[in-house]
Amino acid sequence: MADDWDLYEVFIRSKRGSSHKHVGSVHAVDSRLALESARDLYTRRSEGESLWVVAAKDILASDPLEGDALFGPAADKIYRHPTFYEIPDEVGKM
Amino acid sequence: MGCIYQTEENPHFQYVLGLADDALILGQRWGEWLSKGPTLELDIAASNLALDLIGQANLLLEHAAELEGKGHTADDLAYLRDAHDFRNHWLVEQPNDDWGVTTARMLVFSLYQYCRYEALVKSSDAHLADIVAKALKEVSYHRRFAAEWTIRLGQGTEESNQRIQRGFDMLWRFVPELFETVCWEQTLADDGIAVASGTLQDAWEAEVTLILTQANLSVPKGDAHQFGSRHDGHHTEHLGTLLCELQFLQRSYPTASGAVW
């Protein structure tokens, strides 16, 4: 039955101010029911207060074979990391 | 609708027991889908629905036990009563059959339960009002779940349409019982404790008709039914087999004899 159902990726925001994080996926006949299933599967233990579902077929993913070309060049540019600054505690989560 | 059953011992207790038994028995029916759901997603949805309902039943049975005043616990009421002491509607004890029947039943019942709880939030029984206020959020999700699935199945394939229509056709004869108002219930309603079930019918009918129409389904005709039976302890044969499973462990290994589960 679920063979012809689409796959939807599920994102949850755990609290206001933070961003949605990918938590898993569900199969569903449409996005509306995907949202219902996501609620049932992924928020049983108060994990979040906002849900997104996205049809997996609508996600364009980078090609793992191109990993070196895409991500390799960043490896030796440590000056891009703000690790030389001390962040005051008052700033909180960035 | 005429008023039947003139007297009832401790009507307040009977009323809360009726609410509790509806939740308990329907919760058990949903639990039966566990590991047998049409998909993994729906299997988990089914157990969520079961847990919501059994949670409601637990709170309502605790309250009922207090109102009864005979020293029983919620567990005693759930596990040690026989079928003729159950006060649930016949609708909720009917077998799950297939997903179409289960969904049709959930739509019929969750819309009804929502109307009932919504009215009971204003009950002068403050404990009951607290319980239903919490339960209302759950039932609000249940009716949404049932409505979405009724529409998907109704608008789906020829087979899914036939199956969900069959569900409504099969169960429609249990609908009138939901709206019968027995005399003692009317008295409780006059006292602000209960809601007279008959007053919920118009709102329920409007909503169910709207959803069935949207789902390309027809509202079943016919009004063959039996009134008042549950108050006399009459049930369909299905309640007995359901209780066998529900009560087996407590009956075979009673905690009273020292058994620890």
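Residues numbered from 1 in each chain as written. Chains lettered and ligands numbered in written order. Predicted model: local features only at pLDDT ≥ 70, side-chain atom pairs only at ≥ 80, totals over all residues. Heavy atoms only, no water.

### Notes on the overall build of chain B
So, step 1. Helix and strand content of chain B: eleven helices and zero strands.
So, step 2. Element order for chain B, N to C, with α for helix and β for strand: α-α-α-α-α-α-α-α-α-α-α.
So, step 3. By the compact-globule yardstick of 18 Å for 261 residues, chain B fits well, its C-alpha radius of gyration being 18 Å.
So, step 4. Seen along its three principal axes, the alpha-carbon backbone of chain B occupies a region of about 55 × 45 × 30 Å.
So, step 5. Among the 261 residues that make up chain B, the fraction classed as buried is 55%.
So, step 6. Summarising the internal contacts of chain B: among those between residues at least 6 apart in sequence, 79% fall at separations of at least 24.
So, step 7. Summed over all atoms, the accessible surface of chain B reaches about 11,300 Å², with 53% contributed by carbon and sulfur.
So, step 8. Between the averaged position of the 19 positive side-chain charges in chain B and that of its 38 negative side-chain charges there is a distance of 4 Å. (Helix = DSSP H or I, 4+ residues; strand = E, 2+ residues; numbered from the N terminus. Rg over C-alpha atoms; globule rule 2.2 N^0.38 Å. Buried < 20%, exposed > 50% of the residue type's maximum accessible area, 1.4 Å probe, protein only. Contact = heavy atoms within 4.5 Å. Areas by Shrake-Rupley, 256 points an atom, 1.4 Å probe, with all protein chains shown as cover. Lys, Arg positive; Asp, Glu negative; His and termini not counted. Charge placed at Lys NZ, Arg CZ, Asp CG, Glu CD.)

### Here's the deal with a nonpolar patch on the surface
So, step 1. On the surface, Ile78, Phe84 and Tyr85 of chain A cluster together to form a nonpolar patch covering roughly 420 Å² of accessible area.
So, step 2. Inspection of the secondary structure assignment puts Ile78 of chain A in the segment after helix H2 (67-71). (Patch = residues over 30% accessible without salt bridge, like charges linked within 9 Å, V, L, I, M, F, W, Y side chains within 5 Å. Salt bridge = Lys/Arg side-chain N within 4 Å of Asp/Glu carboxyl O.)

### With respect to the pattern of salt bridges
All names here are of chain B.
So, step 1. Following the criterion strictly, the structure yields 20 salt bridges over all chains and no others.
So, step 2. Asp22 is the salt-bridge partner of Arg116, the closest N and O atoms lying 2.8 Å from each other. Here the residue Arg116 occupies a position in helix H5 (residues 99-120), and Asp22 occupies one in helix H1 (residues 11-31), the gap between them amounting to 94 residues. By the burial criterion, Arg116 is buried, and Asp22 matches it.
So, step 3. Across the pair Arg163 and Glu159 runs a salt bridge whose closest N-O atoms are separated by 2.9 Å. You can see Arg163 and its partner Glu159 sitting in helix H7 (residues 158-171), four residues apart, about one turn around the helix.
So, step 4. Residue classification places Glu159 among the partly exposed residues on the basis of a relative accessible area of 47%.

### Regarding helix H9 (residues 183-190) of chain B
Residues and elements named next belong to chain B.
So, step 1. Looking only at H9, the buried set comprises Cys183, Trp184, Glu185 and Leu188.
So, step 2. Looking at the buried residues of H9, the elements they touch are H1.
So, step 3. Among the residues trailing H9, Gly192 stands out with phi positive, at a value near 85°.

### Focus: the sheet that holds strand S1 (residues 6-13) of chain A
Residue and element names in this part refer to chain A.
So, step 1. Ordered in space as S2-S1-S3, the three strands form an open sheet in which the pairing is antiparallel. Edge positions in the sheet fall to strand S2 (21-28) and strand S3 (50-55), since each has one partner strand and no second. Strand-to-strand twist in this sheet, taken as the mean axis angle between neighbours without regard to direction, amounts to 30°.
So, step 2. The pairing of S1 with S3 spans six bridges and is classified as antiparallel. Within S3, the residue paired with Arg13 across the bridge is Ser50. (Pairing = 2+ DSSP bridges. Axes fitted to C-alpha atoms, helices over the stretch in contact; angles between N-to-C directions.)

### Thoughts on the packing of aromatic side chains
Residue and element names in this part refer to chain B.
So, step 1. Tallied over the full model, the rule gives ten aromatic pairs over all chains.
So, step 2. With 6.5 Å between their ring centres and 65° between their planes, Phe168 and Trp172 make a pair best called edge-to-face.
So, step 3. Using a relative accessible area of 11% as the deciding quantity, one classes Trp172 as buried.
So, step 4. Look at Trp172 and Trp204: their rings are 5.8 Å apart centre to centre, the planes differ by 35°, and that puts the pair in the tilted class. Taken together, the residues span a long stretch of sequence, with Trp172 in the loop between H7 and helix H8 (175-178) and Trp204 in helix H10 (residues 201-214) at a distance of 32 residues.
So, step 5. The class of Trp204 is buried, set by a relative accessible area of 1%. (Phe/Tyr/Trp six-rings, centres within 6.5 Å; stacked < 30°, edge-to-face > 60°.)

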